[in-house]
Amino acid sequence: MLVVSLEQAVAVPYATRLLADLGARVVKVERPDGGDFARHYDHACGDVSSYFAWTNAGKESLTLDLKHPAGREVLARLVSSADVVLCNLSPGAARRIGVDAATLRAQHPTLVVGELSGYGDAGPYAERKAYDALVQSEAGLVELTGEGDVTARAGISVADIAAGVQLQSAVLAALLHRARTGEGATLRLSLFEAMAEWMHQPMLYAAGTGRAAPRTGAHHPSIAPYGPFACRDGAVHLAVQNDPQWRRLCAVLGRPDLADDPRFTTVSRRVEHRPALHAELDFTAWAAADLLKALDDADVPAARTRSVAELPDHPQLVARDRGVRVAVPGGEVGMLRPSVDSSAWVASPGAVPALGEHTDHVLRTLGYTEAQITDLRLRKAV
């Protein structure tokens, strides 16, 4: 399967990286003068950013000047052999170069075309710029995130990730539809509506109670004790969701009296009296590893609160051999294998492409001769 993607930033690149993980050939079309601007967000992975390495492993990079007629001709040839075309250019830019869904589907009725926009192609926000943090704010996620009076954006690009996952699943459904009917499909998705889908539960909570859930930092707004608690050498994250678990926690703590304290006998009472509850739960004499073992032995849900820098060496990932070395421009980095294992295929991230690394290869597969490739370069079309 050939996926052609006119993409930049995170959302669509993440969708196509997921498709590459499943075995698709993904040709990433980039500008010759710098390429995807996400290449340069930081310098954590050789010559490219951590964002770019994460979302572009396993792709081919083709540079095209789509303002040049010859560049558009190359793209037209490429699209004619594609199964899927994805695009997150602005709707106006896509129409100007003829890669909007209406134009492509008129030329290729069996093509699956996906368009990602910020807020959708209609409505008062249609022309507004949409970046991940802005969408988090508009969808209400920032209101929910933080503690007390302090709000915060989520620590990862959740709007982009939401859109990428939803776009990938829609592409797979459209391909199944095509296999059954012979018809292609037009897919349209916005960052805002992808994030709004993920906000359903807090939206329903606010509608049903008349108020948003309070900001409680790393603690759960409607369950307690549910969050990180300090130990002698770190923290352990509790997730006590019912009364039997609460009684077992009290036994581990050596405080069976707490289980019958009228302030703490139910989940709702524990939430109502959260400050008093937290004051009683003192684990500072415990080493985190010892506390976690005791909680595991008592069947009380808990986890270590770890730093992100520890993730590559997490004992579970190491035991399951999830790490892999991936080539990036300027070196190699440690990444993780795709999270879904299958009996039908073996997936591992491919190399992260340098800008235009596969241009000549792609042109040759489209039937261009060496002389024609040289001419395209001289004319700065590629």
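Draft legend 1. Up close: the sheet that holds strand E3 (residues 60–63). Spatially, E3-E2-E1-E4-E5-E8 is the arrangement adopted by the 6 strands of the open sheet, whose pairing is parallel. On the outer flanks of this sheet lie E3 and strand E8 (185–190), each paired with one strand and no other. Across the sheet, the axes of successive neighbouring strands diverge by a mean angle of 20°, strand direction being ignored. The strands touched by helix H9 (residues 191–198) are strand E5 (112–117) and E8; relative to E8, the strand with the most contacts, the crossing angle is about 75°.

Draft legend 2. Layout of the packing of helix H1 (residues 11–21) against helix H8 (residues 158–181). Here H1 crosses H8 at 45°, and the two axes come no closer than 7 Å. Taken together, the axis directions place H1 and H8 in an arrangement best described as oblique. Note on packing geometry: the crossing formed by H1 with H8 is right-handed. Contacts between H1 and H8 involve Ala11, Val12, Tyr14, Ala15, Leu18 and Leu19 from the first element and Asp160, Ile161, Ala163, Gly164, Val165, Leu167, Gln168, Val171 and Leu172 from the second. Grouping the amino acids of the contact of H1 with H8 by side-chain chemistry returns 12 nonpolar, 2 polar and 1 charged.

Draft legend 3. The arrangement of helix H3 (residues 69–80) in detail. The terminal C-alpha atoms of H3 lie 16 Å apart, and with 12 residues this matches the ideal 16 Å at 1.5 Å per residue to within 8%. Turning to H3, its buried residues number three or more, namely Ala70, Gly71, Val74, Leu75, Leu78 and Val79.

Draft legend 4. Up close: the side chain of Thr55. Mapping Thr55 onto the fold places it in helix H2 (residues 50–56). Filtering out sequence-adjacent residues up to four positions away, Thr55 remains in contact with Ala9, Val10, Pro13, Tyr14 and Arg17.

Draft legend 5. Molecular detail of the packing of aromatic side chains. As enumerated under the stated definition, the model contains 7 aromatic pairs in all. Their ring planes at 75° and their centres at 5.1 Å tell us that Tyr119 and Tyr125 sit as a pair that is edge-to-face. Classification of Tyr125 as partly exposed rests on a relative accessible area of 29%. Summarising the aromatic geometry, the rings of Phe229 and Phe283 are spaced 6.0 Å apart at their centres and angled 80° between planes, so their arrangement reads as edge-to-face. Of this pair, Phe229 sits in strand E9 (residues 226–231) while Phe283 sits in the loop between helix H14 (274–280) and helix H15 (288–297), placing them 54 residues apart in sequence. With a relative accessible area of 1%, Phe283 lands in the buried category. Members of the aromatic cluster, each reached through a chain of ring pairs, are Phe37, Tyr41 and Tyr51. Arg128 extends its terminal NZ or CZ atom over the ring of Tyr125, reaching a point 4.3 Å from the ring centre.

Draft legend 6. The arrangement of the pairing of strand E10 (residues 234–239) in detail. Of the pairings in the sheet, the one linking E9 to E10 comprises 6 bridges and is antiparallel in character. Looking at E10, one finds that Cys231 is bridged to Gly234. Taken together, E9 and the strand that follows it, E10, pair antiparallel across an intervening segment of 2 residues. Across 3 bridges, the pairing between E10 and strand E11 (residues 302–304) is antiparallel. Bridging across to E11, Leu238 finds its partner in Ala302.

Draft legend 7. Structural view of the sheet that holds E10. Pairing is antiparallel in the open sheet, where 3 strands are placed in the order E9-E10-E11. At either margin of the open sheet sits one strand with a lone partner, and together these are E9 and E11. Neighbour to neighbour, the strand axes of the sheet diverge by 25° on average, direction disregarded.

Draft legend 8. Geometry of the environment of Ala206. With respect to the helices, strands and loops of the structure, Ala206 is situated in helix H10 (residues 200–209). Every residue in contact with Ala206, bar those within four places of it in the chain, is listed here: Arg211 and Ala212.

Draft legend 9. Spatial organisation of the nonpolar core. Val171 and Met195 are the most contacted members of the largest nonpolar core, which totals 33 residues. Every element with two or more residues in this core is listed here: H1, strand E4 (84–87), E5, H8, E8 and H9. When residues no more than four places from it in sequence are discounted, the contact partners of Val171 are Leu19, Val84, Leu86 and Leu187. Judged by nonpolar contacts, the second largest core, of 31 residues, contains Val27, Leu62, Leu111 and Val113.

Draft legend 10. Structural context of the side chain of Asn56. Relative to the assigned elements, Asn56 resides in helix H2. Within the structure, Asn56 has its side chain in polar contact with the side chain of Lys59 (distance 3.1 Å). In this structure, Asn56 is in contact with Glu7, Pro13, Arg17, Lys28, Asp36, Ala351, Val352 and Pro353, ignoring residues within four places of it in sequence.

Scoring rules and cut-offs
- Residue positions are given per chain, counted from 1 along the sequence in the order it is written.
- Residue-level local features of this predicted model are given only where pLDDT is at least 70; pairs of side-chain atoms are given and counted only at 80 or more, and the full residue set underlies all totals for whole chains, interfaces and linings.
- As a convention, hydrogens and water are excluded, and side-chain values are obtained from all of the structure's heavy atoms.
- By the convention used here, strands pair only if DSSP detects at least 2 bridges between them.
- Secondary structure elements are taken from DSSP: a helix is a run of H or I of four residues or more, a strand is a run of E of two residues or more, and numbering for both begins at the N terminus.
- Orientation is described by axes fitted as lines to C-alpha atoms, over the contacting stretch for helices, and by angles from 0 to 180 degrees between their N-to-C directions.
- By the convention used here, residues are in contact when the closest approach between their heavy atoms is within 4.5 Å.
- What sets the label is the angle itself: under 35 degrees gives roughly parallel, over 145 gives roughly antiparallel, 65 to 115 gives roughly perpendicular, and the rest give oblique.
- Handedness of a crossing follows from how the near helix is turned relative to the far one, being left-handed for an anticlockwise turn of less than a right angle and right-handed for a clockwise one.
- As a working rule, the residues Ala, Val, Leu, Ile, Met, Phe, Trp, Tyr, Cys and Pro are called nonpolar, Asp, Glu, Lys and Arg charged, and the rest polar, with Gly in that last group.
- Each helix should span, by expectation, one fewer than its residue count multiplied by 1.5 Å.
- For every residue, the accessible area obtained with a 1.4 Å probe (protein chains only) is divided by the maximum for its type, and the residue is called buried under 20%, exposed over 50%, and partly exposed between those limits.
- Between the rings of Phe, Tyr and Trp (Trp by its six-membered ring), a pair exists once the centres lie within 6.5 Å; its type follows the angle of the planes, with under 30 degrees stacked, over 60 edge-to-face, and the other angles tilted.
- Look at NZ for Lys and CZ for Arg. If either is within 6 Å of the ring centre and within 35 degrees of the ring normal, a charge sits over the ring.
- Nonpolar cores were defined as sets of buried Ala, Val, Leu, Ile, Met, Phe, Trp, Tyr and Cys residues, with membership established by side-chain atoms within 4.5 Å.
- Two N or O atoms count as a polar contact when they lie within 3.5 Å, although within protein this holds only if one can serve as hydrogen donor and the other as acceptor, and sequence-adjacent residues are included solely when both atoms are side-chain atoms.

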